[in-house]
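Single-letter residue listing:
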Amino acid sequence: MSSKEREVLVQIDHLKKFFPLRKGGKNAAVRAVDDVSINIYKGETLGLVGESGSGKTTLAKMILGLLPPTESTVMIDGKDIWNKKEQKELRKQIGAVFQDPASSLNPRATIYRSLERPLEVHGYSKEEAKKLIYETADRINLGHELLDRFPHELSGGQQQRVSIARAIMLQPQLLVLDEPTSALDVSVQAQTLNELLKLQETYGMTYLFITHNLSVVRYMSDRICVMYGGQVMEIGNTAEIYADFKHPYTFGLITSAPPIHPSFRNRKKNLLDGEMPSLVGDGKGCAFASRCKYCQEICRTQRPEMKQVGEEHFAACHFAGEIEF
Ligand SMILES: Nc1ncnc2c1ncn2[C@@H]1O[C@H](COP(=O)(O)OP(=O)(O)OP(=O)(O)O)[C@@H](O)[C@H]1O
Ligand SMILES: [Mg+2]
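Residues numbered from 1 in each chain as written. Chains lettered and ligands numbered in written order. Predicted model: local features only at pLDDT ≥ 70, side-chain atom pairs only at ≥ 80, totals over all residues. Heavy atoms only, no water.

Draft legend 1. Representation of the sheet that holds strand β6 (residues 94-97) within the structure. In spatial order, the strands read β6-β7-β8-β3-β9-β10-β12-β11; together these eight strands make up an open sheet with mixed pairing. Of all the strands in the sheet, the pair left with one neighbour each is β6 and β11 (307-310). Here the average twist between neighbouring strands, direction ignored, is 20 degrees. Taken together, the two bridges between strand β10 (residues 231-237) and strand β12 (residues 313-315) define a ladder with antiparallel strand orientation. (Pairing = 2+ DSSP bridges. Helix = DSSP H or I, 4+ residues; strand = E, 2+ residues; numbered from the N terminus. Axes fitted to C-alpha atoms, helices over the stretch in contact; angles between N-to-C directions.)

As C-alpha cells, this is what we get:
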C-alpha cells in the first residue's frame, strides 16, 4: 500500500527537544531532537535506527507524552498528546516497552499486581481486571503460575513478556518499543520478536520499533527511519533502505554494523570512523557533515532539506541521488 492510501496515526512536524546546558551561556543546549518531521501510518511498523545518542529515546518519550517538546507537538489520531484535556484518553491508546524490563516492574509487587494496577487506574473492577489479565497472559504465553511470582523470580525473557502484556492490555493503537529485546539472550530475542509480530497482527497495532540492531529492524519493520544527531537522515521502505540507500550515513550504518549482511559482503564499505559529534553547536548544516567523506562546503553551512528519492523514500542530503555508493 502506498502512503497516500494509508491513514496517519502519528503526525510529527518540526519537532524539537533541546536540553539546556548549565555551562556555555544562556542559549547553549544539547539539540537532542532537532526539527524532526515524520508520519507513522496505521498498522505499520516504523523502525527507528541510529547510533547511541542520536535522539531516538528522546523522540519516543515525546510521542509517549513523557517528555515535553521544546517546539511543536505530537498529534496522535488527530489529537494533541500535549493537550492536557486529551492526554488521559490518548495515553490509553499508547503502550510502551523499554529495554530493561526489571526496572519497569515494581520489585515488591507480584506480577499479577503489576498488571492489575494500571487497570485500576483506568477504572476496571477487580473482576474485569482479572479476566483481562488472564486473557492477555494467554495471548503472549505467560504461564498463569508466573502471575503470583515477583519480578526477580522470572527470567529476563519472562519479565519482558510481562512488560509487553502490561503495554498491550488496554489494546493501544500504538506501541512504542525502545530496544525491547536488546537485554535478552539471542534465542529469547527471536522468540520475543515473533511474539510481537503475532500480537501486532491480532490487535492491528501500529509499532514504533527502536533499536541499534540492523538485522532486527530489518526483520520487524515496514519502513525505516534513520536518525543521526537529532535529525532524520533518511526514511523509506525497508527493502529500499537496504538495497538503495541514498544517504552517506545510512551507507555507513549498514556497512559498519556487524554482522554485515551477506548482500554487502562483496560491496564497497563505508566504515564509520570517530564518534558522534557534540550536539551543542549552532545546528547549522548537516549533522553528519563532520564524519561524511562526501562532505562539501554547503554541507557545513546549510541544513539539507528532505529530498524525495523514491516513491516513499526521502533523504536529507544535498547530494542524495548523485552519489554512487
Ligand atoms: N534528560 C537529559 N538531559 C540532558 N541531555 C539529555 C537528556 N536526555 C538525553 N540527553 C541527550 O540527548 C541526546 C540524545 O539522547 P537519546 O537518549 O535520545 O539517544 P538515543 O538515540 O536513544 O541513544 P541510545 O541508542 O544510547 O539509547 C544525547 O546527547 C543525550 O546525552
Ligand atoms: Mg535510547
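Right, picking up where we left off after that structure.
Draft legend 2. Highlighting the packing of aromatic side chains. Per the counting criterion, the structure on display carries eight aromatic pairs. Where F245 meets F251, the ring centres are 5.3 Å apart and the plane angle is 20 degrees; that geometry is what we call stacked. F251 carries the same exposure label as F245, and that label is buried. Among the aromatic side chains, those forming a connected cluster through ring pairs are F245, F251, Y294 and F325. Looking at R218, its charged tip hangs above the ring of Y242, at a distance of 4.2 Å from the centre. (Phe/Tyr/Trp six-rings, centres within 6.5 Å; stacked < 30°, edge-to-face > 60°. Buried < 20%, exposed > 50% of the residue type's maximum accessible area, 1.4 Å probe, protein only. Lys NZ or Arg CZ within 6 Å of the ring centre and 35° of its normal.)

Draft legend 3. Focus on the environment of E44. Its place among the elements puts E44 in the loop between β2 (29-41) and β3 (45-49). Separated by 176 residues in the primary sequence, E44 and M220 have C-alpha atoms spaced 9.9 Å apart. Excluding residues within four positions of it along the chain, E44 makes contact with R6, N39, Q200, M205, T206, Y207, D222 and R223. (Contact = heavy atoms within 4.5 Å.)

Read these as spatial facts, not as claims about activity.
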